[in-house]
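Geometric and topological summary
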Amino acid sequence: MIRVVLPSHLRMHANVNGEILLDVDGEATQRSLLDALEARYPVLRGTIRDHDTQKRRPFLRFFACQRDLSHEPADAPLPDEVRSGSKPFLIVGAIAGG
Amino acid sequence: MTGVRVLVGTRKGAFVLTSDGTRKSWDVSGPHFPGWEIYHLKGSPADPNRIYASQSSGWFGQQIQRSDDGGKTWAPVDNKFAYDGVPGTHQWYDGTPHPWEFKRVWHIEPSLTDPDTVFAGVEDAALFRTSDGGKSWAEVPGLRGHGSGAHWMPGAGGMCLHTILLDPVDPKRMFIAISAAGAFRTDDGGETWQPINKGLRSEYIPDPHAEVGHCVHRLAMHPSRPNVLFMQKHWDVMRSDDAGNSWHEVSGNLPTDFGFVIDVHAHEPETIYVVPIKSDAEHFPMDGKLQVWRSRSGGNEWEALTKGLPQSNCYVNVLRDAMAVDTLDTCGVYFGTTGGQVYASADAGDTWSAIVRDLPAVLSVEVQALK
């Protein structure tokens, strides 16, 4: 199981509390993880990545294992600690504005 | 009528304010969607408990929320606004072509007769429609495709379609306005559109009388007389008596004719309201005095309405979607400020009081009369 932490606005929007535990089919990558997340919570479509281009929204970042994975290829394998569930995959809203 | 419900969109959430017909004491519900920008909420005239809300965020994009119980509970509906076909380009601030990019929904206009049919005005300017209660949205392509779209340019607030007026007499006629393109009309249900900007004069564009390029801030219409339109332009308050075919200025004795809102009394089609703002550089009232100005003659002759409004040290703005009128026997008038106050008058503007004072900056105000 992969652990995913959403920013508070999206937890509220998807009506979830705390971490999300996801089963990801096949190789766990950013793309497959987000596919699984959106399949379970369709209201998150368009909130993390663009509907059409599937690009990460500009003011969001992906962190895990104290690394910034935001610019990793969407199909690159996630770190072992994320795939094993020992570390969470963090979706973080940029600090900006009031 | 048993009461009124005021729907307030703010920079950090939505609020629902309710009162009985006296409009003296108010219950405040909210914030709904705390932390999100709520550009606009509006209820269906055909089913007042059906309310749609535009919820957006620079981080997380656009959402549309729908309530079927008068704003007590909400559920998200479809949030995908895809332009029809190849989106093409409009002018960017530097005059270069810029691809159309969806940013947010500015205005929601439910059908007059069907709760499941709703129009949405978006940035970058386009008109969308749902006919299934928000489960899916499709662009009304004739507007951007009518020919001048490539020449539209954003105003400082973005290139937004912010006003949608549905003609209650002719269901195929609709008016919209875009900053900074101007006003447009369809007579065939959205298939084809024409610019209706003749008579507008805007010194801030190369040809002040151009067919498009005018920064129209707001249009208003009385439902009994849909051929008469009122406009608050960037500068100038304008009037048309022929459904927008031509416009003439009715700013008259206003202390400044810059502003954002304009609205029409619910029972007196010649009584109109504006909130004069000092200038395009100084978005606050003249001399720190918040004043609604009312004309009972359809323009030109205006009177200041000040009773109950701050008359010193007030430097708020009133944004374009932040004024509304109710249809009770004595028409109520409402407006919200960027300082978080929502003011109401239960006597057509003669006296005012604040329903709430300390909300986040108010982006929009709508009101429903409840039976």
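Source: prediction; values computed, not measured.

All names here are of chain B. Secondary-structure assignment places A322 in the loop between β25 (303-305) and β26 (323-325). We classify A322 as buried; it has 27 C-beta atoms within 10 Å. Sequence separation of A322 and P223 is 99 residues, and the distance between their C-alpha atoms is 19 Å. In contact with A322, other than residues within four places in its own chain, are V261, F335, G336, V362, L363, S364 and V365.

Here we take up the interface of chain A and chain B. Counting from both sides, the interface comprises 14 residues of chain A and, opposite them, 13 residues of chain B. Considering every element that reaches the side of chain A that touches chain B, the biggest residue donor is helix α1 (residues 8-14) of chain A, with three residues. The class makeup of the residues in the side of chain A that touches chain B is five nonpolar, seven polar and two charged.

Once that is clear, we can look at the sheet that holds strand β19 (residues 229-233) of chain B. Strands in a sheet are paired, the pairing made by backbone hydrogen bonds, and the direction either parallel or antiparallel. Residues and elements named next belong to chain B. Overall, antiparallel pairing links the four strands, which are arranged β18-β19-β20-β21 in an open sheet. In this open sheet, the two edge strands, each paired with only one partner strand, are β18 (216-221) and β21 (248-249). Here five bridges tie β18 to β19, and the two strands are oriented antiparallel to one another. Counterpart to M221 in the pairing with β19 is L229.

The next point concerns the pairing of strand β10 (residues 104-110) of chain B. Residues and elements named next belong to chain B. Burial runs high along β10: seven of the seven residues are buried. Judged from the six bridges that link them, β10 and strand β11 (residues 118-123) form a sheet pairing that is antiparallel. Bridge pairing links V105 to V122 in β11.

Each regular strand carries side chains that alternate between the two faces of the sheet. Residue and element names in this part refer to chain B. Taken across its six residues, strand β15 (residues 174-179) has six buried, putting it largely inside the fold. Of the two faces of β15, the one holding M174, I176 and I178 and the one holding F175, A177 and S179 are both buried throughout. As judged from the six bridges shared by strand β14 (residues 160-166) and β15, these two strands associate in the antiparallel manner. Directly across from L161, in β15, lies its bridge partner I178. The sheet contact formed by β15 and strand β16 (residues 182-186) spans five bridges and is antiparallel. Counterpart to I178 in the pairing with β16 is G182. The hairpin turn running from β15 into β16, its antiparallel successor, is two residues long.

On average, residues of chain A score 95 in pLDDT, and 97% of them are at 70 or above. Averaged pLDDT values for the elements of chain A fall to 95 in α1 of chain A and rise to 98 in strand β1 (residues 2-5) of chain A.

Most often, soluble globular proteins keep nonpolar side chains buried together rather than apart. Residues V6, V8, I176, L219, Y334, V342 and V365 of chain B are the most contacted members of the largest nonpolar core, which totals 105 residues. Those residues in contact with I176 of chain B that sit more than four places away from it in its chain are G121, L127, L143, L161, T163, I164 and F184 of chain B. In terms of nonpolar packing, the next biggest core, distinct from the first, is built from 20 residues, I2, F62, F89 and I91 of chain A among them.

For the rest of this paragraph, the subject is the sheet that holds strand β3 (residues 27-32) of chain B. Residue and element names in this part refer to chain B. Ordered by their spatial adjacency, four strands build an open sheet running β3-β2-β1-β30, and the pairing between neighbours is antiparallel. Each edge of the open sheet is held by one strand with a lone partner, namely β3 and β30 (362-370). Here the strands of the sheet are splayed against their neighbours by 15° on average, with no regard to which way each runs. Here four bridges tie strand β2 (residues 13-20) to β3, and the two strands are oriented antiparallel to one another. The residue of β3 that forms the bridge with A14 is H32.

Attention now moves to helix α2 (residues 30-40) of chain A. Residues and elements named next belong to chain A. Residues of α2 that are buried: Q30, L33, L34 and L37. Along the long axis of α2, the arc covered by the buried residues comes to 95°, so they all point the same way. Structurally, α2 contributes buried residues whose contacts are with β1, β2 (20-22), β3 (60-64) and β5 (89-93).

A few words now on the confidence of the model for chain B. Confidence along chain B averages 96 in pLDDT terms, with 100% of residues attaining 70 or more. The ipTM value of the predicted complex is 0.91, and its pTM value is 0.96.

As a further point, take the environment of A76 of chain A. Mapped onto the elements of the fold, A76 of chain A is located in the loop between β4 (67-68) and α3 (80-84). Between the alpha carbons of A76 of chain A and R45 of chain A there is a distance of 21 Å; along the sequence they are 31 residues apart.

In this section: unusual backbone geometry. Residue and element names in this part refer to chain B. The residue after G30, namely P31, is reached through a cis peptide bond having omega 0°. Tracing the chain through its elements places P31 in strand β3. In this model, S179 is joined to A180 through a cis peptide bond whose omega is 0°. Counting through the fold element by element, A180 comes out in the loop between β15 and β16. In this structure, N300 takes a positive phi of about 75° despite not being glycine. Relative to the elements of secondary structure, N300 occurs in the loop between β24 (292-295) and β25.

The rules behind the values
- Residues numbered from 1 in each chain as written.
- Chains lettered and ligands numbered in written order.
- Predicted model: local features only at pLDDT ≥ 70, side-chain atom pairs only at ≥ 80, totals over all residues.
- Helix = DSSP H or I, 4+ residues; strand = E, 2+ residues; numbered from the N terminus.
- Buried ≥ 20, exposed ≤ 12 C-beta atoms within 10 Å, placed from the backbone.
- Contact = placed C-beta atoms within 7 Å.
- Nonpolar A, V, L, I, M, F, W, Y, C, P; charged D, E, K, R; others polar.
- Pairing = 2+ DSSP bridges.
- pLDDT = per-residue confidence, 0-100.
- Core = buried A, V, L, I, M, F, W, Y, C linked by C-beta atoms within 7 Å.
- Axes fitted to C-alpha atoms, helices over the stretch in contact; angles between N-to-C directions.
- Arc of directions from axis to C-beta.

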